[in-house]
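Structure at a glance
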Amino acid sequence: MLPGIGVFGTGPVVKVLVPILQENGFKIEAIWSHIIQEAQEAAKELQIPFYTDKIDDVLLRKDVDLIFVLCAPNLHTQISVKALGIGKHIVCDKPAGLNQADALKMVKAGQYYPSLISLINHSFRFLPAFTHMRKAIIENYLGSPITLIDVKIQCSSLFNENDSFNWKCDDVMGGGALNLIGSHVVDLVTFLTNQKALRVHGIVRTFMKTTDTIKGIRNISAPDFCCFQMELSNNILVTATINSHIAGSSFHQEVLICSSSGHLLVRGGDLSGRKSKGNEEVLYLDVEDLNCSVPNLNLPKPFIKGICKMVSALREAFLPVKEKAGWIKEPVSSAANFEDGLYVQAVLSAIRQSSKNREWVKVNIITEQPDANALLSAAVRRTAISMN
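Described in the following lines is the structure provided in the data block.

Here's the deal with the overall build of the chain
- Per the secondary structure count, the chain includes 10 helices and 16 strands.
- Principal-axis analysis of the C-alpha atoms gives the chain an extent of 65 × 60 × 50 Å.
- By residue count, 52% of the 388 residues in the chain fall in the buried class.
- In the chain, 68% of the contacts between residues at least 6 apart in sequence involve partners at least 24 apart.
- Counting every atom, the chain has about 18500 Å² of accessible surface; 51% of that belongs to carbon and sulfur.

In structure tokens:
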């Protein structure tokens, strides 16, 4: 049995995801937006029977067992933790919440309810070129240890022409190239190498602070360019450049993995490789058309194809199980979980700090919630000491 789905959000990802889910046999039972008119319009366009601007109206529906959280990041933690607490599966958009503290709450909730799916939407993990690249690394295609990973992503502006000021304009609220694209890069490196960053160095910049529709009192603070290096735990060096200044709607990505005896290269959706004593060869050619009717192609094709593959994996996880909301782990075992989301937040935080301080910064993953009132706590401790 496939679970009924509740969707939070009405943005471009939702407009792409819902038709893909419907084509895979899932039924979308409800959709939420903080603006009721947007929820109504999306429900009509996507043929969803119920819409609301109240979070609990979706979470408490008996016909909803799987929640897609695709709204502003400041609501990711609240919705995910609450949904897991009442027995709903979760697929949450990247990044996980606004910071490590948010992501840690999600991790704790996921650990408390291990029988429920709790995934982060890092769809690059399901893109065939990257799954083939990972397989080639595991099978030692390169012949010697990886030394360097070079990632270049160039795309058009993250804002549409008619966009007004929203959370995507604000770095603190989860917007910008580092949060929205850099998070994919950080997660992809871990997926491909099974290694994590020890320390990072980054430059994060906002060059375009106004548009024709976003101007006046509120300026854009979300970065449109970032460049960072990561040192992984086995001396691999990663360099990544993300530039959202390309005119038009183009999207170009290159992921190059080098060793002393060869390299692997994903360009767009194609994978090629070369060994030291051979010619460059095509290992995977992305000739497969999208097997889903997508009404909105504002998202880059690699993102859409990754989402298609992720939904297919979810279908395979749920379909063989007769019990409502039962599932098997194997089809989604390669997906990013909440622990991966916490790690990504730790790296993003370190990159921002590095850009601010202009120095290398160690990646620290928190295991306890930070003290919300450190000054008061310090005063209490001092008082206790003086009384003793």
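Digging into the packing of aromatic side chains
- Counted according to the given criterion, the structure contains 6 aromatic pairs.
- Where F8 meets W32, the ring centres are 5.6 Å apart and the plane angle is 45°; that geometry is what we call tilted. Of this pair, F8 sits in strand β1 (residues 5-8) while W32 sits in strand β2 (residues 28-32), and the two are 24 residues apart along the sequence.
- Of the residues examined, F8 reaches a relative accessible area of 0% and is grouped as buried.
- With relative accessibility at 5%, the residue W32 sits in the buried group.
- Grouped by ring-pair contacts, the aromatic residues F124, F130, F251 and F303 constitute a single cluster.
- When the ring centre of F50 is taken as reference, the NZ or CZ atom of R61 above it lies at 4.5 Å.
- The lysine or arginine in question, R199, covers the ring of W360, its NZ or CZ lying 4.6 Å from the ring centre.

Focus: the sheet that holds β1
- Read across the sheet, 7 strands follow the order β3-β2-β1-β4-β5-β6-β15 without closing on themselves; strand pairing throughout is mixed. Where the open sheet ends on each side, the last strands, each with one partner, are β3 (51-52) and β15 (336-337).
- Across 4 bridges, β1 lies against strand β4 (residues 66-69) in parallel orientation. Across the sheet, the residue bridging to F8 is V69, located in β4.

Quick word on the pairing of strand β11 (residues 251-259)
- Here strand β7 (residues 146-155) runs beside β11; their pairing, made up of 9 bridges, is antiparallel. Each residue of the ladder has a partner; that of L148, found in β11, is C258.
- Note: β11 against strand β12 (residues 262-267), 6 bridges, orientation antiparallel. Within the sheet, the bridge partner assigned to S259 lies in β12 and is G262.
- The hairpin formed by β11 and β12 contains 2 residues between the paired strands.

Examining the environment of E339
- Mapped onto the elements, E339 comes out in helix α9 (residues 338-357).
- Sequence spacing of E339 and A39 is 300 residues, and the spatial spacing of their C-alpha atoms is 31 Å.
- Discounting residues that sit within four places of it in the chain, E339 has contacts with V107 and Q111.

Rules and cut-offs
- Residues numbered from 1 in each chain as written.
- Predicted model: local features only at pLDDT ≥ 70, side-chain atom pairs only at ≥ 80, totals over all residues.
- Heavy atoms only, no water.
- Helix = DSSP H or I, 4+ residues; strand = E, 2+ residues; numbered from the N terminus.
- Buried < 20%, exposed > 50% of the residue type's maximum accessible area, 1.4 Å probe, protein only.
- Contact = heavy atoms within 4.5 Å.
- Areas by Shrake-Rupley, 256 points an atom, 1.4 Å probe, with all protein chains shown as cover.
- Phe/Tyr/Trp six-rings, centres within 6.5 Å; stacked < 30°, edge-to-face > 60°.
- Lys NZ or Arg CZ within 6 Å of the ring centre and 35° of its normal.
- Pairing = 2+ DSSP bridges.

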